[in-house]
Amino acid sequence: MHRTIFDTPLINTLLRGLSLVFLKLAGWKVEGRLPPHCQKSVFIAAPHTSNWDLPYTLMVAFVLRLNIYWMGKEELFRPPFRHLMMWLGGIPVAREKCNNLVAASAEAIQAADGPLQLVVPPEGTRSKARYWKTGFYYIAVSAQVPIVMAYMDYAKKRSGLGPVFQPTGNIEADMAAIKAFYAPFKGKNADQFHAGPQE
């Protein structure tokens, strides 16, 4: 994986301090911690309903001392912002050319020398989506790493890391259990988040 702001020690320390102050003043609470066996893992990023999710995700990552990479649509990485977005941990995704995305992501996680947490929004879009994509699940299975259920609840102003989920291989049952965990959370645009049964 490419070098990011999270492995730039001086800047990382400075931004962690600023993130702690900002989130406290804004009334947000950061919860949980990354278990030692999840240094390499796939994070579910839900609810994902707003552009504001990214800056808040970055701040929470600084507070929890994570080393995240996140997937974003290719349009976000157009010049002149491409290098900045990648430095912030971004990985451009061409939605029409993502046949090998699962395999490439799994290989990158396995090949990483140090900690790497890959953040994947299951809705695949900020727009209203009733069907959750299963890419995060298959990346974790292929890389043989756990899934961490990360969340951001704008209604209660809390964000952090929830339970660790170990895929069983029964994807229907696993997706139902995962979506049940996320059902109470509210995104910034709450009407665009759906954690009911797959259709």
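The rules behind each value
- Residues numbered from 1 in each chain as written.
- Predicted model: local features only at pLDDT ≥ 70, side-chain atom pairs only at ≥ 80, totals over all residues.
- Heavy atoms only, no water.
- Helix = DSSP H or I, 4+ residues; strand = E, 2+ residues; numbered from the N terminus.
- Buried < 20%, exposed > 50% of the residue type's maximum accessible area, 1.4 Å probe, protein only.
- Contact = heavy atoms within 4.5 Å.
- Areas by Shrake-Rupley, 256 points an atom, 1.4 Å probe, with all protein chains shown as cover.
- Core = buried A, V, L, I, M, F, W, Y, C linked by side-chain atoms within 4.5 Å.
- Pairing = 2+ DSSP bridges.
- Axes fitted to C-alpha atoms, helices over the stretch in contact; angles between N-to-C directions.
- Polar contact = N/O pair within 3.5 Å; in protein donor to acceptor, adjacent residues only side chain to side chain.
- Salt bridge = Lys/Arg side-chain N within 4 Å of Asp/Glu carboxyl O.

Looking only at helices and strands, the protein chain has 6 helices and 7 strands in total. Start at the N end of the protein chain and walk to the C end: the helices and strands fall as α-β-β-α-β-α-β-α-β-α-β-β-α. The burial tally for the protein chain puts 47% of its 199 residues in the buried class. When contacts within the protein chain are restricted to residue pairs at least 6 apart in sequence, those whose partners lie at least 24 apart make up 71%. As displayed, the protein chain has an accessible area near 10,600 Å², and 58% of this comes from carbon and sulfur atoms.

Next up on the list: the nonpolar core. With 29 residues, the main nonpolar core has Phe43, Leu66, Ile68, Trp70 and Leu161 as its most contacted residues. For this core, the secondary structure elements donating two or more residues are strand 2 (40–46), helix 2 (53–63), strand 3 (68–73) and strand 6 (147–153). Top element by residues in this core is helix 2. It accounts for 7 residues. With near-sequence residues (within four places) excluded, tryptophan 70 lies in contact with Leu54, Leu58, Leu76, Phe77, Met85, Leu88, Gly89, Gly90, Ile91 and Val119. Among the nonpolar cores identified, the runner-up in size contains 28 residues, and Val93, Ile139, Val145 and Ile178 belong to it.

Our next topic: the sheet that holds strand 7 (residues 158–165). The sheet built from 7 strands is open, its strands ordered 1-7-6-2-5-3-4 with mixed pairing. Across the chains shown, the open sheet's two edge strands, defined by having one partner strand only, are strand 1 (29–31) and strand 4 (90–93). In this sheet, adjacent strand axes meet at a mean angle of 25 degrees when their direction is disregarded. Here strand 3 pairs with strand 5 (residues 116–120) via 3 bridges, running parallel. By the bridge assignment, tryptophan 70 is partnered in strand 5 with valine 119. The strands touched by helix 5 (residues 135–143) within the sheet are strand 2, strand 3, strand 5 and strand 6, with strand 2 carrying the most contacts at an inclination of about 170 degrees. Seen against the sheet, helix 6 (residues 171–182) touches strand 2, strand 6 and strand 7 and runs at an angle of roughly 30 degrees to strand 6.

Structurally, the position occupied by glutamate 31 is in strand 1. In terms of polar contacts, glutamate 31 uses its side chain to reach the side chain of tyrosine 151, at 2.4 Å. Residue contacts for glutamate 31: discarding those within four places in its chain leaves Leu64, Tyr151, Arg158, Ser159, Gly160 and Leu161.

Below, the discussion takes up the pairing of strand 7. Sheet topology note: the strand 1/strand 7 ladder contains 3 bridges and is parallel. Note on strand 7: the bridge partner recorded for valine 30 is serine 159. As judged from the 6 bridges shared by strand 6 and strand 7, these two strands associate in the antiparallel manner. Across the sheet, residue methionine 152 finds its bridge partner in strand 7, namely serine 159. Taking the residues between adjacent antiparallel strands as the criterion, strand 6 and strand 7 are bridged by 4 residues, where lysine 157 takes a positive phi near 50 degrees.

Attention now goes to the pattern of salt bridges. Taken as a whole and assessed by the stated rule, the structure comprises 3 salt bridges. A salt bridge links aspartate 7 to arginine 3, with the nearest nitrogen and oxygen atoms 4.0 Å apart. The exposure class of aspartate 7 is partly exposed, given its relative accessible area of 26%. In this structure arginine 3 comes out as exposed when scored by relative accessible area, which is 57%. Aspartate 153 is the partner of arginine 158 in a salt bridge, and the nearest nitrogen-oxygen pair spans 3.8 Å.

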